[in-house]
Amino acid sequence: MAASKKSFDVIIIGAGSVGTPTAMFLAQEGIRTLVIDKFPSAGQGSNKHAIGGLRATHSDPAKIRICLRSLEIFDTWKELYGDNIEWQKGGYAFAAYAEPEEQTLKELLVAQKAFGLNSNWLDQKEFLEVIPDLNPDGLIGGTFSPDDGHASPLLSAHAFFTQARRAGAEFHFNETATGLIIESGRARGLKTNQGEYGAEVVINAAGAWAADVAKYAGLEIPVQPDSHEGAVTEPVAHFLDPLVVDIHPTDTSASYYFFQHATGQVIFCITPNPSIWGFDTRETSSFLPMVARRMIQIMPRLTNIRVRRTWRGLYPMTPDGAPLVGWANELKGLLLAVGMCGQGYMIGPGLGEMLAHLIKGDLSAKDRQLLSFLSPYRKFESMEKLK
Amino acid sequence: MSLYRIEKHPILIPEPAELIDFFWKGRKLRAKKGETISSALFAHGERIFSYHYKDHAPQGIFCANGQCAQCLVLANGLPVKACMELVCSAMRVEPVDGLPELPRVSEPQNTRPIKEMSIPVLIIGGGPAGLSAAIELGKRGIETLLIDDKHRLGGKLVLQTHRFFGSTDMVYAGTRGIDIATKLENELRTFPSVRIWIQSTALAVFSDQKVGILVEGMRYVLVKPQALLVTAGAREKSLAFPGNTLPGVYGAGAFQTIVNRDLVRSSEKLFIVGGGNVGLIAGYHALQAGISVVGLVEALPECSGYKVHRDKLARFGVPIYTSHTILSAHGKDSVESVTIAKLDEKWKPIPGTERSFACDTILIAIGLDPVNEFYLKGREFGMTTFAAGDAEEIAEASAAIFSGKIKGLEVARALGHDVGEIKKEWYETAEILKSKPGKTDPEIYPSDESGVFPVLHCVQEIPCDPCANVCNQDLIHLHSTDIRCLPVFEAKEGEKGCTGCEKCVTICPGLAISLVDYRKDPEFPIVTLPHEFFKDSIEVGRLVTVLDTEGNTLGDVEVTGVRAIKINDRTVLLKLKAPRAIAKKIAGICVQDNKVTKPMGRYVARTTDDTVICRCERVTAGEIRALIKQGYRDINEIKAVTRACMGSCGAKACTALIHHLFREEGVPEKDIVDQPNRPLFMEVPLSTFAGCGDKNEVGRGRL
């Protein structure tokens, strides 16, 4: 058996937001890469449920660094590879209608500025210049980061997949990982429902299903999904540049956000309060009434836009809202790239490139230090402020 | 009032309507109050509604049933489906050209919590099945909510001007569809336990077992039923061919809606694709509305619809091209011609057999798909869920009436009501009514040539029995309890025979019974034929061309009488003086001039891969085929790359066509991964979900 199994340098479990770009960067470095996914094509787990927001305006230094690189990758994609992934550098706008939000946003700004992020506090008048259709009533102002933006998760997942394959990565779909091959105390490959494959490195990039995959190595990792519902409208003529976020909590929901996609549709999503834990992605009756009231309130112009479709996707959450990335201490050769907390789409490309360097062994000292912030073995103390 | 209004119809009676003015591209036009924008536009010959924002392709009506979104227009600045929205006084209607501008709103509207209610039974769809089920529930005093997205109840019954087949006892056979709708509705409205919401659309069935309903196009309500019955009917299948999205290519059901419901003459000359009952009947309806039918293509060697329908059409002079297919539709901004070709035994068009015909409309009648999304979701979410009528299985409306009645009882029983035993024969009858046409016998004419008797030109086994129930002398029999067997006329020796009362001639839904009377002149007997066209279109003394059952010409004979029937059934009886040799063979007269059915001198060439598969996002067969050839099997991936299935119709029109492309490329069905069905059923303004809808401009019902 062992002699006949096909060997690779790296096997990635999961062809999603993280696994697909990681495969591309590995393959481009000449590393023989196999990606295994239980779904029928790339990005079919949670990636396709992402609404498409891309920002570097986080509070965690590692996430800021990684997402700055992701933004660069999206920004230069068309130039480098030719395909239109519907990237729009429209910025992110966090609105403040009450003092607690003003305070939170201003505090965050200090940390973000320290990282050199292009993000600024705008007063009411300035904020309304960026988003003329926002309800001015009670608006204090907000932060605006013009270098952030949004793209199509569907097209970009496909673009990463295409480039990964072009560079030589192999993808096996409709194939489920069933266990790790462990020899002499280290990972030597992967068993699936269809065969066995050898590799010195196995990456767990299984998103919402990462905890199950970790169990193959006898690991318990604190990743469990909650679910958020999103929706898309009919396309209308361009009227909105930035992705708008309202972090004001209510009794049934936390923050919600929306933007106008390059093709004219408005895409929106809301964080239910309390969180809905588990793998259930079936439609709920509470989502649309919950989000519609808030959106019309903040932007009356959305009153007449017609909702086309809704869906529900999973956020693989960690105790502190930041990803778990790094080598497993318990098993040599196993790399964790899990717990993206619903931000896999924006973290994936930058992180994928970093992981390729980590595996090749040429990660810069600075990046090595930054990556340690995401260590799976860190203490989970504070909660990420802008989930 | 307008060239395109049907002011006079042999069966339908135009009702006087209040007239209102609206504006189309700034031009003041007159509409009937209570009609849809699409019919108001068609009534002025306006068939191009908008231009697609992606490629400026002209857009017009397609389903006329709220299922697709090809008829989008701007009404007072807001995008609406022209086929569903009623025209209002002073409404400004504009084409959508490019992406519509979202109107500015200065103040946020008042939002309200969404109203929720519980009800023992929710029925989605007020067509034949839903109405019949609701009647059974109403009889038992069970609280029921029946919703329907149209402006009146009856579903597709209201489009049917012909008398129905089926069983007289069970399902009103012999009565016209429109009249059945009225009877069912009137009966239903006598039951106080049944609430009816018209113009109310189910948007989604949610996992918490609530059903989101858009009430009267304005208010959103969440209804939690103990039992859900889905009787949402069917949608028409679409067909991929070059030119398939040109305005003027639309469903046969859409055509019947415009012509029979709204009494608007949608076309001058139409061509029909599909020889099932829907296509055959649509052709008949066209002729009744004074619209020429250029021809009908059917891919099979025989029409799959009832032979009596096929024969009726053939007899009126409509050429029926079996083993033929449509190759393409042509025209600059709307349909100007159609090209057809003969098919070989492998369903491939035979080169050299192409023919083009001038026409302004092409009706697609290639079959129906059940509207069963809500049923499937209800099942998935563990609800007590039932389906009846076309939503359960595509069949005739008579079958839907009966299956609805049975399902009504099953719903009552599921809720713990004692409904007694549902008779086994009922289930058998339901199956019989659903059955496809059976075998066809050669036509045998009676040998007798004296006295008076009917000739039954009914040679194909279909579920139908009105003739056997109507004979005063009990001379027409079905020799089986199965109503599919052929009726026979049997005069008993020595007893009083046929009196020539003509009741059987009048009642036959297939117009397949003639009466031959030898009593006055055995050499030139009088033949009585049913005729569903204008009485004054045929004068006594005129020569008409008579045809046999199949539509073959027998000769010209003199009309000796034209008589309307006293009871208001709108059938006219023609009396013809015919030579003895052909008298018994006469089954109809030719009504359509053969000038319109002649092919054009040249044939218009087809193109191939530019056929539009996803009409919402304008994705072509070529784009999708290329991906399939590269190995794509997951429709989700095809969707991600091309946007096919992502448009406003919710993949209702393109899914089957994409499967067809897979088949063409030799991909087995089991390898194809479908995309999930997600809410909403149709696009609804965000404000609706915020509880802003409180205006009620057009609605009739009240919560």
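Residues numbered from 1 in each chain as written. Chains lettered and ligands numbered in written order. Predicted model: local features only at pLDDT ≥ 70, side-chain atom pairs only at ≥ 80, totals over all residues. Heavy atoms only, no water.

## Looking at the domain arrangement of chain B
Residues and elements named next belong to chain B.
Stage number 1. In terms of domains, chain B is made up of domain 1 (1-103), domain 2 (115-234 + 370-434), domain 3 (238-365), domain 4 (452-596) and domain 5 (612-671).
Stage number 2. A separation of 37 Å is found between the C-alpha centroids of domain 2 and domain 4.
Stage number 3. Taken together, the contact pairs 13 residues of domain 2 with 19 residues of domain 4.
Stage number 4. At the boundary of domain 2 with domain 4, total buried surface from both sides reaches about 1,300 Å², with 49% on carbon and sulfur atoms.
Stage number 5. On inspection of domain 2 and its partner domain 4, the count reaches two salt bridges.
Stage number 6. Note that Glu 532 and Arg 176 form a salt bridge whose closest N and O atoms lie 2.9 Å from each other.
Stage number 7. Summed over the shared surface of domain 2 and domain 4, the number is eleven residue pairs in polar contact (both at pLDDT 80 or more).
Stage number 8. In the side of domain 2 that touches domain 4, the residues fall into six nonpolar, four polar and three charged. (Domains from an automatic or database assignment. Contact = heavy atoms within 4.5 Å. Buried area = accessible area lost by both parts, 1.4 Å probe. Salt bridge = Lys/Arg side-chain N within 4 Å of Asp/Glu carboxyl O. Polar contact = N/O pair within 3.5 Å; in protein donor to acceptor, adjacent residues only side chain to side chain. Nonpolar A, V, L, I, M, F, W, Y, C, P; charged D, E, K, R; others polar.)

## Section: the domain arrangement of chain A
Residue and element names in this part refer to chain A.
Stage number 1. As far as domains go, chain A holds domain 1 (3-51 + 154-223 + 320-372) and domain 2 (89-147 + 224-315).
Stage number 2. Centre-to-centre separation of domain 1 and domain 2, based on C-alpha positions: 31 Å.
Stage number 3. Each partner contributes residues to the interface: domain 1 has eleven residues there, and domain 2 has 15 residues.
Stage number 4. Taken over both partners, the interface formed by domain 1 and domain 2 buries close to 1,000 Å², and the fraction arising from carbon and sulfur atoms is 70%.
Stage number 5. Our enumeration of links across domain 1 and domain 2 arrives at zero salt bridges.
Stage number 6. Counting every contact that joins domain 1 to domain 2 gives one residue pair in polar contact (both at pLDDT 80 or more).

## Considerations on the packing of helix H5 (residues 153-166) of chain A against helix H15 (residues 635-642) of chain B
Stage number 1. Taken N-terminus to C-terminus, the directions of H5(A) and H15(B) make an angle of 105°; their axes are 8 Å apart at the nearest point. Here H5(A) is positioned roughly perpendicular relative to H15(B), judged by the angle of their axes. Two secondary-structure elements touch here, H5(A) through A:Leu154, A:Leu155, A:His158 and A:Phe161 and H15(B) through B:Glu637, B:Ala640 and B:Val641.
Stage number 2. Looking at side-chain class alone, the contact of H5(A) with H15(B) contains five nonpolar, one polar and one charged residues. (Axes fitted to C-alpha atoms, helices over the stretch in contact; angles between N-to-C directions. Helix = DSSP H or I, 4+ residues; strand = E, 2+ residues; numbered from the N terminus. Parallel < 35°, antiparallel > 145°, perpendicular 65-115°, else oblique.)

## Quick word on the side chain of B:Asp465
Residues and elements named next belong to chain B.
Stage number 1. By the element assignment, Asp 465 lies in the loop between strand S25 (452-456) and helix H11 (466-470).
Stage number 2. Arg 484 is the oppositely charged side chain nearest to the buried, salt-bridge-free Asp 465, at an N-O distance of 12 Å.
Stage number 3. In this structure, Asp 465 is in contact with Gly 166, Ser 167, Thr 168, Ala 173, Leu 478 and Ile 483, ignoring residues within four places of it in sequence. (Buried < 20%, exposed > 50% of the residue type's maximum accessible area, 1.4 Å probe, protein only. Lys, Arg positive; Asp, Glu negative; His and termini not counted.)

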